[in-house]
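Spelled out, the chains give:
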Amino acid sequence: MTKDSGRGGGEPDGKKAPPLLLAAAWLVPGIGHWILGKRRRALVFFAVVVCAFATGVTINGELGTPRPGEPFSWLATIACLGNGLLYLVRLAWVNGLSGLLDGLPFGLNGGGDPVSVGFSYGNTFLYTGGLMNLLLVLDVSDIARGEKD
Amino acid sequence: MVDHLFLMLWHALLVSVFFAFLWRRSSRDRLQLFGKAFLIMAVGSVVLGWLMYAVP
């Protein structure tokens, strides 16, 4: 079967994206595209994800952290974890390095201020930034496998 | 900074730019998708907000 032009039209050929590339793409928004030579896109993606994250933190959003007995907190954690290094650095900032290690998995403080006007908006920005970066990791995987330009 | 309309527009802007660059390759196509997505999110949210007045 011939490979369709454009996105994902061909048969999967079993080629895998390098795990280190995907890890880098997750850790730093846009760096996967940068490494693959898509410099302009990389800069835009970096700016968008960092702006979303910074807005969320600035207006007192809370990073998702796992809580016992609250299954949805895991979804929030996965969404926020998508921010990569931004998430980890912010958690370390809020909890301190020792607090970060001691608090795993259920004792982490996600920062933010629940009584603040911007709390839910901030959460939305933090989730959005993380989910966008996870989409970027998938995009990098597609580009690295030659499924997409 | 916590003006609701501003935050909604800022969110719509970021998401529109993101998907325009993720899904389109030419500048023209990107601009078109950005415009559509931004308008749908911004105008749609305001319309939905007004419609929700009718919902107790």
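Residues numbered from 1 in each chain as written. Chains lettered and ligands numbered in written order. Predicted model: local features only at pLDDT ≥ 70, side-chain atom pairs only at ≥ 80, totals over all residues.

1. Things to note about the environment of Asp 29 of chain B
As a reminder of what qualifies: Each helix corresponds to a stretch of at least 4 residues labelled H or I by DSSP, and each strand to a stretch of at least 2 residues labelled E; elements are numbered beginning at the N terminus.
Along the chain, Asp 29 of chain B falls in helix H2 (residues 27-51). For the pair Asp 29 of chain B and Leu 14 of chain B, spaced 15 residues apart in the sequence, the C-alpha separation amounts to 17 Å.

2. Section: the interface of chain B and chain A
Stated precisely, the cut-off is as follows: By definition, residues are in contact whenever their C-beta atoms, placed on the basis of the backbone, come within 7 Å of each other. Each residue gets one label: Ala, Val, Leu, Ile, Met, Phe, Trp, Tyr, Cys and Pro are nonpolar, Asp, Glu, Lys and Arg are charged, and the others, such as Gly, are polar.
Of the residues lining the interface, eleven residues belong to chain B; the matching set on chain A comes to 18 residues. Tallied by class, the residues present in the side of chain B that touches chain A amount to ten nonpolar, one polar and no charged.

3. Comments concerning unusual backbone geometry
All names here are of chain A. Selection rule: The burial label depends on the number of other C-beta atoms within 10 Å of a residue's C-beta. Counts of 20 or more mean buried, 12 or fewer mean exposed, and intermediate counts mean partly exposed, with C-beta atoms placed from the backbone.
In this model, Asn 60 sits at a positive phi of 70°, which is unusual for a non-glycine residue. Tracing the chain through its elements places Asn 60 in the loop between helix H3 (39-58) and helix H4 (71-81). Using a count of 20 C-beta atoms within 10 Å as the deciding quantity, one classes Asn 60 as buried.

4. Observations concerning the confidence of the model for chain A
Put simply, the rule is: pLDDT: the predictor's confidence for each residue, scored from 0 to 100.
When the pLDDT values of chain A are averaged, the result is 87; 91% of them are 70 or greater. In the predicted structure, residues 1-6 of chain A sits below a pLDDT of 50 and forms five contacts with residues beyond four places in sequence or in another chain.

5. Here's the deal with helix H1 (residues 4-23) of chain B
For an α-helix the count is 3.6 residues per turn, leaving residues at separations of three or four pointing the same way. Applicable threshold: Any helix carries an expected span of 1.5 Å times its number of residues minus one.
The terminal C-alpha atoms of H1 of chain B lie 28 Å apart, and with 20 residues this matches the ideal 28 Å at 1.5 Å per residue to within 8%. What H1 of chain B keeps buried is the set His 11, Leu 14, Ser 16, Val 17, Phe 18, Ala 20 and Phe 21 of chain B. Check the buried side of H1 of chain B and you find it contacts H3 and helix H6 (119-144) of chain A together with H2 of chain B.

6. So, the packing of H6 of chain A against H1 of chain B
So the rule is basically this: To get an axis, a line is fitted to the C-alpha atoms, and for a helix only the part in contact is used. The angle between two axes follows their N-to-C directions and goes from 0 to 180 degrees. Roughly parallel means an angle under 35 degrees; roughly antiparallel, over 145; roughly perpendicular, 65 to 115; everything else is oblique.
Put simply, H6 of chain A and H1 of chain B touch, their axes get as near as 12 Å, and they point 0° apart. Taken together, H6 of chain A and H1 of chain B sit at an angle that is classed as roughly parallel. For the pair H6 of chain A and H1 of chain B, the contacting residues are Tyr 121, Thr 124, Phe 125, Thr 128, Met 132, Leu 135 and Asp 139 of chain A in the first and Leu 7, His 11, Val 15, Phe 18 and Leu 22 of chain B in the second.

7. A word on the environment of Gly 84 of chain A
Residue and element names in this part refer to chain A. The topology assignment puts Gly 84 in the loop between H4 and helix H5 (85-102). For the pair formed by Gly 84 and Ala 23, sequence separation is 61 residues and the distance between their alpha carbons is 9.0 Å. Among residues more than four places away in sequence, those in contact with Gly 84 are Trp 26, Leu 27, Val 28, Pro 29 and Asn 133.

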